[in-house]
Amino acid sequence: MAGIASRRLQKELKEIHTQGCPVGIQLLNADNFEEWHLSLEVMGESQYQGEVFALKFRFEPQYPISAPAVQFIINEKYKAPVHPHVYSNGHICASILGNEWSPVLSVIGVCVTLQSMLASCKKKERPPDNDRYVMHAPDNPKKTRFHYHDDTV
């Protein structure tokens, strides 16, 4: 990956290494500028107390002009949180990953926003259309046209 994306990701990685990550966020893997993995834990009392999740960020050459593809990792170690905006395949319905993306957002900024989204959750439940969506979902969540209609969860 060349150009603006690699320069921006180098800058973000340097900041992570020099300043560290916010509490509850940890860099797991950033071996290249195409895919990074970070862990996410909601601190304090919440529906997710004691649970640790992992996020996968996939970057296109147009990053940060275009949003990264972000989803929760699902494997033998990590599961997707049960949340009204998180599908069981790890895809996240969040406007900042779609039509409200801004190039001023960073990987850490996205993690903090998702951490806050989980912290404010009042009830653990899947989106109402989870089963239908997961059955037909593309591999890349950016190829989904989510309808952002509920900021209350």
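Throughout, a residue's number is its position along its own chain's written sequence, starting from 1. The predicted nature of this model means local features are confined to residues of pLDDT at least 70 and side-chain atom pairs, given and counted, to a pLDDT of 80 or more, with totals for whole chains, interfaces and linings taken over all residues. To obtain the side-chain values, all non-hydrogen atoms of the structure were included, while hydrogens and water were left out.

By the naming in an unreviewed UniProt entry, the protein goes by UBC-like protein and is assigned to Gloeophyllum trabeum.

Engineer: Before we move on, could you go through the nonpolar core and cite the residues and values that matter?
Structural biologist: By nonpolar core is meant a set of buried Ala, Val, Leu, Ile, Met, Phe, Trp, Tyr and Cys residues that side-chain atoms within 4.5 Å join together. Per-residue accessibility, obtained with a 1.4 Å probe over protein chains only, is compared with the maximum for each type, and a residue is labelled buried under 20%, exposed over 50%, and partly exposed between these values. Core analysis: the biggest nonpolar cluster contains 36 residues, and Trp36, Leu38, Leu55, Phe57, Phe72 and Ile92 have the highest contact counts within it. Helix and strand assignments come from DSSP, with helices taken as H or I runs of at least 4 residues and strands as E runs of at least 2, each series counted from the N terminus. Listing elements by their share of this core, those giving two or more residues are helix H1 (4-19), strand E1 (25-29), strand E2 (35-41), strand E3 (52-58), strand E4 (69-72) and helix H2 (107-119). Looking at this core, the element that brings in the most residues is H2, giving 7 residues.

Engineer: Would you mind going over the sheet that holds E2 in detail, with residue names and values included?
Structural biologist: Any two strands with at least two DSSP-identified bridges between them are counted as paired. What the 4 strands build is an open sheet, ordered E1-E2-E3-E4; its pairing is antiparallel. Pairing within the sheet leaves two strands with one partner each, and these edge strands are E1 and E4. Taken pair by pair, the neighbouring strands of this sheet meet at an average axis angle of 25 degrees, ignoring direction. In the sheet, E1 pairs with E2 via 4 bridges, with the strands oriented antiparallel. If you follow Ile25 over to E2, its bridge partner there is Leu40. Convention adopted: a line fitted to C-alpha atoms gives each axis, helices being fitted over their contacting stretch, and angles between N-to-C directions are expressed from 0 to 180 degrees.

Engineer: Summarise H1; cite the residues concerned and give the values.
Structural biologist: Expected helix span is computed as 1.5 Å times (number of residues minus one). Here H1 is 16 residues long and its end C-alpha atoms lie 22 Å apart, about the 22 Å a rise of 1.5 Å per residue gives. Along H1, the positions that sit buried rather than exposed are Ala5, Ser6, Arg8, Leu9, Glu12, Leu13 and Ile16. Within H1, the buried residues cover an arc of 165 degrees as seen down the axis, which keeps them to one side. Away from the buried face of H1 by more than 90 degrees, exposed residues Arg7, Lys11, Lys14, Thr18 and Gln19 are located. Throughout, a contact is declared for two residues whenever any of their heavy atoms are within 4.5 Å. Buried residues along H1 sit against E1, E2 and H2. Two residues or fewer after H1 comes Gly20, characterised by a positive phi angle close to 80 degrees. To obtain the arc, one takes the directions from the helix axis to the C-beta atoms.

Engineer: Run through the pattern of salt bridges, naming residues and quoting values.
Structural biologist: Put simply, a salt bridge is a Lys or Arg side-chain nitrogen that is within 4 Å of an Asp or Glu carboxyl oxygen. For the structure on display, the rule yields 6 salt bridges. Here Lys11 makes a salt bridge to Glu15, at a shortest N to O gap of 3.6 Å. With a gap of 4 residues between them, Lys11 and Glu15 both fall in helix H1, about one helical turn apart. Residues Arg132 and Asp129 are paired through a salt bridge, measuring 3.8 Å at the closest nitrogen-oxygen approach. Of the residues examined, Arg132 reaches a relative accessible area of 55% and is grouped as exposed.

Engineer: Before we move on, can you summarise the environment of Val70 with the specific residues and values?
Structural biologist: With respect to the element layout, Val70 can be found in strand E4. As for Val70 and His91, which are separated by 21 residues in sequence, their C-alpha atoms are 7.4 Å apart. Val70 has contacts with Leu55, Lys56, Phe57, Ile92, Leu97, Val110, Leu114 and Pro141, leaving out every residue within four places of it along the chain.

Engineer: Please provide a residue-by-residue account of the packing of aromatic side chains, values included.
Structural biologist: By convention, a stacked pair of Phe, Tyr or Trp rings (six-membered ring in the case of Trp) has centres within 6.5 Å and planes under 30 degrees apart, an edge-to-face pair has planes over 60 apart, and any other such pair is tilted. Applying the stated criterion to the full structure yields 7 aromatic pairs. A ring pair is formed by Trp36 and Phe59, whose centres lie 5.3 Å apart and whose planes are at 75 degrees; its orientation type is edge-to-face. Here Trp36 is found in strand E2, whereas its partner Phe59 is found in the loop between E3 and E4, with 23 residues between them in sequence. Judged on exposure class, the residue Trp36 and its partner Phe59 are both buried. Residues Phe59 and Tyr63 carry aromatic rings whose centres are separated by 5.0 Å and whose planes lie at 65 degrees to one another, so their mutual orientation is edge-to-face. Taken as a pair, Phe59 and Tyr63 share a single burial class, namely buried. Members of the aromatic cluster, connected to one another through ring pairs, are Trp36, Phe57, Phe59, Tyr63 and Trp101.

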